Structure formats: structure tokens, C-alpha cells
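# Survey of secondary and tertiary structure
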Amino acid sequence: MPSNVPEKVLIVEDEHMLASVLQDMVESLGVPEVSHAATLADAQGLVDEQDFDFAILDINLGEENSIPLAHELHRRNIRFVFASGYDSQYDAEGISAPLLRKPLGLEEIRVAMTDDRPDEKIDRIGRIG
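Residues numbered from 1 in each chain as written. Predicted model: local features only at pLDDT ≥ 70, side-chain atom pairs only at ≥ 80, totals over all residues. Heavy atoms only, no water.

## Describing the packing of aromatic side chains
Using the following cut-off: Only Phe, Tyr and Trp rings are paired, with Trp represented by its six-membered ring, and only when their centres lie within 6.5 Å; those with planes under 30 degrees apart are stacked, over 60 edge-to-face, the remainder tilted. Buried, partly exposed and exposed residues are distinguished by accessible area as a fraction of the type maximum, computed with a 1.4 Å probe on protein chains only: under 20%, between the cut-offs, and over 50%, respectively. Placement of a positive charge over a ring is assigned whenever Lys NZ or Arg CZ falls within 6 Å of the ring centre and within 35 degrees of the normal to the ring plane.
This model, assessed by the stated rule, comprises one aromatic pair. Between Phe80 and Phe82, the aromatic rings sit 5.5 Å apart at their centres with planes inclined by 80 degrees, giving edge-to-face as the arrangement. With respect to class, Phe80 is no different from Phe82; both count as buried. Over the ring of Phe52 we find Lys8; its NZ or CZ atom is 5.7 Å from the centre of that ring.

In C-alpha cells:
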């Protein structure tokens, strides 16, 4: 396993099938521990209980969004990326982070997890903020 692959990754995704596929992809890249949350409250609970190295946050979680969690991860110095299937502008309320566009590809996930500025490496990765 490459040394720069995170040890513990949190996936916040409200679509169960997509979360399962994403978890398989992250594990295939050598991440030993992957957790999943479908709601903001569940994600916050996991962040309070565990020490994550990295997170993939679906921006739109049904009636809510993951921006408050992004602020918490930023405060805790946990690296993260946003993911979205929508092609609109987002206000991350002062947070600057990479944006992965769905459908997510293995290479985009790998670069996002292992590079501080993946948006400078792959055209399909944008940036919020």
C-alpha cells in the first residue's frame, strides 16, 4: 500500500448503492478502514468518535448539505473533498476544497486522497471556494 494513502476514510453519501461502490473503490486503493454515513448527524457522530485522515462528502444529502461538516473537518485539520452530481455553484461559506464530479472515477479518488491540490492534477476535479 502506498504510504500516502489515508488509514481511515469517511464517506458521507445518502445514496446507499453509490456509497457501497465508493467504499469498494476506496478500499481497492489500499485504505484499511472506511466508514459510511448517510446523514449529517450520523457523519458528525462518526467524526466525534473516530480519528479520520480523509473524508469524501456528498454536498447534497437530501434536505441538508454537508457544508457544516466540512467546517468541522477543517477545524480538526482533516483533509476532505466534496462530491456532487450537479453542475452548479456552491457556497462553501469560507471553505476551499476540491470538488469531485460524479460519476466518480478511481483515478480521481486516488489523486484526491493522496494529493493536496488534486484540482491542479486532473481536469475533472474542480474546486469550491
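Once you've had a look at it, read on.
## A word on the side chain of Asp115
Our working definition: Each helix corresponds to a stretch of at least 4 residues labelled H or I by DSSP, and each strand to a stretch of at least 2 residues labelled E; elements are numbered beginning at the N terminus. The contact criterion used is simple: two residues touch if any of their non-hydrogen atoms lie within 4.5 Å.
Within the element layout of this structure, Asp115 appears in the loop between helix H4 (106–114) and strand S8 (125–128). Under the relative-accessibility criterion, Asp115 is labelled buried at 18%. Discounting residues that sit within four places of it in the chain, Asp115 has contacts with Arg79 and Lys121.

## Focus: helix H3 (residues 67–75)
Turning to H3, its buried residues number three or more, namely Ile67, Leu69, Ala70, Glu72 and Leu73. Just downstream of H3, Asn77 is the residue with a positive phi angle, here 60 degrees.

## Some points on the packing of helix H2 (residues 40–49) against H3
Our working definition: Only the contacting stretch of a helix is used when fitting its axis, a line to C-alpha atoms as for every element, and angles between N-to-C directions run 0 to 180 degrees. Roughly parallel means an angle under 35 degrees; roughly antiparallel, over 145; roughly perpendicular, 65 to 115; everything else is oblique.
Contact geometry for H2 and H3: axes closest at 10 Å, N-to-C directions at 10 degrees. Viewed along their axes, H2 and H3 adopt a mutual orientation that is roughly parallel. Residues Leu40, Ala43, Gln44 and Val47 of H2 touch H3, and the partners they reach there are Pro68, Leu69, Glu72 and Leu73.

## Concerning the pattern of salt bridges
Let me state the cut-off plainly: A pairing counts as a salt bridge when a side-chain nitrogen of Lys or Arg comes within 4 Å of a carboxyl oxygen of Asp or Glu.
All chains considered together, the criterion is met by 13 salt bridges. A salt bridge links Lys102 to Glu13; its shortest N-O distance comes to 2.8 Å. With Lys102 in the loop between strand S7 (97–101) and H4 and Glu13 in the loop between strand S1 (8–12) and helix H1 (16–28), the pair connects residues that are 89 residues apart, well separated along the chain. Judged by relative accessible area, Lys102 falls into the partly exposed class, the value being 21%.

## A short note on the environment of Val5
Looking at the element boundaries, Val5 is found in the segment before S1. The class of Val5 is buried, set by a relative accessible area of 8%. Sequence separation between Val5 and Val31 is 26 residues, and the spatial gap between their C-alpha atoms is 6.4 Å. Not counting the four nearest positions on each side in its chain, Val5 is found in contact with Leu29, Gly30, Val31 and Thr114.

## A closer look at the environment of Pro118
Tracing the backbone shows Pro118 in the loop between H4 and S8. What makes Pro118 buried here is its relative accessible area of 1%. Placed 68 residues apart in sequence, Pro118 and Gln50 show a C-alpha to C-alpha distance of 25 Å.

## Focus on the packing of H1 against H4
Note the cut-off: Crossings are classed by handedness, with left-handed meaning an anticlockwise turn of the near helix from the far one by less than a right angle and right-handed meaning a clockwise turn.
Close contact between H1 and H4 brings their axes to 10 Å; oriented N to C, the two are set at 60 degrees. Taken together, the axes of H1 and H4 are oblique relative to one another. Crossing hand, H1 versus H4: right-handed. Taken together, the residues of H4 that come into contact with H1 (itself represented by Leu22, Met25, Val26 and Ser28) are Leu106, Ile109 and Met113.

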